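Summary of structural features
What follows is the residue order along each chain.
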Amino acid sequence: VRDTATPDDMAALLVAFWNRRDGLSKTSHDLLMRWMVEAPTGARRIKAAVPAGSVVAHKTGTMPGTVNDAAIVTSADGKDHVVLVVFSKGGTSAEKIREDDVAAAAKKVWRELVGSRR
């Protein structure tokens, strides 16, 4: 069996990664972080949900019926850090619609956790 992480497992992995408890060397950790920040995928997902200037280090996943995004988001001022993981599975709507749903969920979470202070 592959590709079976739960959203909770992915969130825990991202928290460990953020806290540098990932078992990687500094060089490898920094390289992976750069790749996650520079990833060109997912413009309609979590990236679309957070305020301009936020740094989004993320990994998307897309398969038939599946649209996922898992991210560490840092606010533009660097004061807030939020792990957001939104997985969808078994969808029958168009991929663009599911991407919009991922963005809507992420936007709601961001507003609830950070929006009242920013």
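Below is a summary of the structure that appears in this document. (Residues numbered from 1 in each chain as written. Predicted model: local features only at pLDDT ≥ 70, side-chain atom pairs only at ≥ 80, totals over all residues. Heavy atoms only, no water.)

Turning our eyes to something else, we now look at the sheet that holds strand S1 (residues 55–63). Within the open sheet, the 3 strands sit side by side as S1-S2-S3. Their pairing is antiparallel. Lying at the two open borders of the sheet, with one neighbouring strand each, are S1 and strand S3 (81–88). Neighbour to neighbour, the strand axes of the sheet diverge by 5° on average, direction disregarded. In the sheet, strand S2 (residues 66–74) pairs with S3 via 8 bridges, with the strands oriented antiparallel. Bridge pairing links Ala71 to Leu84 in S3. On top of the sheet, helix H4 (residues 95–115) reaches S1, S2 and S3; it is set at about 150° to S3, its chief contact. (Pairing = 2+ DSSP bridges. Helix = DSSP H or I, 4+ residues; strand = E, 2+ residues; numbered from the N terminus. Axes fitted to C-alpha atoms, helices over the stretch in contact; angles between N-to-C directions. Contact = heavy atoms within 4.5 Å.)

Counted under the stated rule, the structure contains 8 salt bridges. Across the pair Asp30 and Lys26 runs a salt bridge whose closest N-O atoms are separated by 2.6 Å. With Asp30 and Lys26 both in helix H2 (residues 26–38) and 4 residues apart, this pair spans about one turn of that helix. Classification of Lys26 by relative accessible area gives exposed; the value is 58%. Arg44 is the salt-bridge partner of Glu99, the closest N and O atoms lying 3.3 Å from each other. In this pair, Glu99 is assigned in helix H4 and Arg44 in the loop between H2 and helix H3 (46–49), connecting sequence segments 55 residues apart. The structure contains a network of salt bridges with shared partners spanning Arg44, Arg45, Glu95, Glu99 and Asp100. (Salt bridge = Lys/Arg side-chain N within 4 Å of Asp/Glu carboxyl O. Buried < 20%, exposed > 50% of the residue type's maximum accessible area, 1.4 Å probe, protein only.)

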